[in-house]
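As a plain string of letters, each chain reads:
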Amino acid sequence: RSRRGGAGSNGDIGSGMDAPSAAGLGGADPQLQRFIEVETQKQRFQQLVHQMTELCWEKCMDKPGPKLDSRAETCFVNCVERFIDTSQFILNRLEQTQKSKSAFSESLSD
């Protein structure tokens with residue numbers, strides 16, 4: 001099982017509003033489309049990090065102090081791992097659902 005790193009960057013991207021989709025730009029410059037796709041992915045990642053941080057902080061942090069005790073540290077590690085596993089499971093499930101809908105639509109058109 002691989003884990004994604006990079007959760008240390010937590011600068012805000014955008015103002016919380018959804019970026020326009022690159023597909024909605026029609027004949028716009030491909031470089032601009034790619035830039036918007038990358039920025040949208042960054043924004044989604046930041047939203048996930050924010051959700052994960054809020055959830056795990058509420059769950060694991062009883063009393064803030066100068067150091068994390070071993071119980072809180074273990075709780076944070078488990079919380080983040082379960083959050084990633086759950087997010088990946090949901091993503092895979094959505095992809096499977098989309099594929100099965102596409103296959104069903106194609107069989108109807110035959």
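No experiment lies behind these values; they were computed from the predicted model shown.

Notes on the state of the cysteines
Tallying each qualifying case throughout the model produces two disulfides. Paired by a disulfide, Cys-56 and Cys-79 hold their sulfur atoms 2.0 Å apart. Taking the torsion about the S-S bond as the criterion, the Cys-56 to Cys-79 disulfide, at about -90°, is left-handed. Here Cys-79 lies in helix 2 (residues 70-109) and Cys-56 lies in helix 1 (residues 30-60), a separation of 23 residues in the sequence. The exposure class of Cys-79 is buried, given its relative accessible area of 8%.

Side note on the packing of aromatic side chains
Applying the stated criterion across every chain yields a total of one aromatic pair. Plain terms: the ring middles of Trp-57 and Phe-76 are 6.2 Å apart, the flat faces sit at 45° to each other, and that makes the pair tilted. Residue Trp-57 is found in helix 1, and its partner Phe-76 is found in helix 2; the two are separated by 19 residues along the sequence. By relative accessible area, which is 42% here, Trp-57 ends up partly exposed.

Observations concerning the confidence of the model for the protein
The predicted model of the protein has a mean per-residue pLDDT of 78, with 75% of residues at 70 or higher. Under a pLDDT of 50 for its full length, residues 1-19 has, in the predicted model, 23 contacts with residues more than four places off or in other chains.

Quick notes on the packing of helix 1 against helix 2
It is at 9 Å that the axes of helix 1 and helix 2 come closest, and there the two elements cross at 140°. By the angle between their axes, helix 1 is oblique relative to helix 2. Once helix 1 is placed against helix 2, the crossing between them reads as right-handed. For the pair helix 1 and helix 2, contact is made by Leu-48, Gln-51, Met-52, Leu-55, Cys-56, Trp-57, Lys-59 and Cys-60 and by Arg-71, Ala-72, Cys-75, Phe-76, Cys-79, Val-80, Phe-83 and Ser-87, respectively. Taken together, the residues of the contact of helix 1 with helix 2 break down into twelve nonpolar, two polar and two charged.

Scoring rules and cut-offs
- Residues numbered from 1 in each chain as written.
- Predicted model: local features only at pLDDT ≥ 70, side-chain atom pairs only at ≥ 80, totals over all residues.
- Heavy atoms only, no water.
- Disulfide = S-S within 2.5 Å.
- Helix = DSSP H or I, 4+ residues; strand = E, 2+ residues; numbered from the N terminus.
- Buried < 20%, exposed > 50% of the residue type's maximum accessible area, 1.4 Å probe, protein only.
- Phe/Tyr/Trp six-rings, centres within 6.5 Å; stacked < 30°, edge-to-face > 60°.
- pLDDT = per-residue confidence, 0-100.
- Contact = heavy atoms within 4.5 Å.
- Axes fitted to C-alpha atoms, helices over the stretch in contact; angles between N-to-C directions.
- Parallel < 35°, antiparallel > 145°, perpendicular 65-115°, else oblique.
- Left-handed = near helix turned anticlockwise from the far one by under 90°.
- Nonpolar A, V, L, I, M, F, W, Y, C, P; charged D, E, K, R; others polar.

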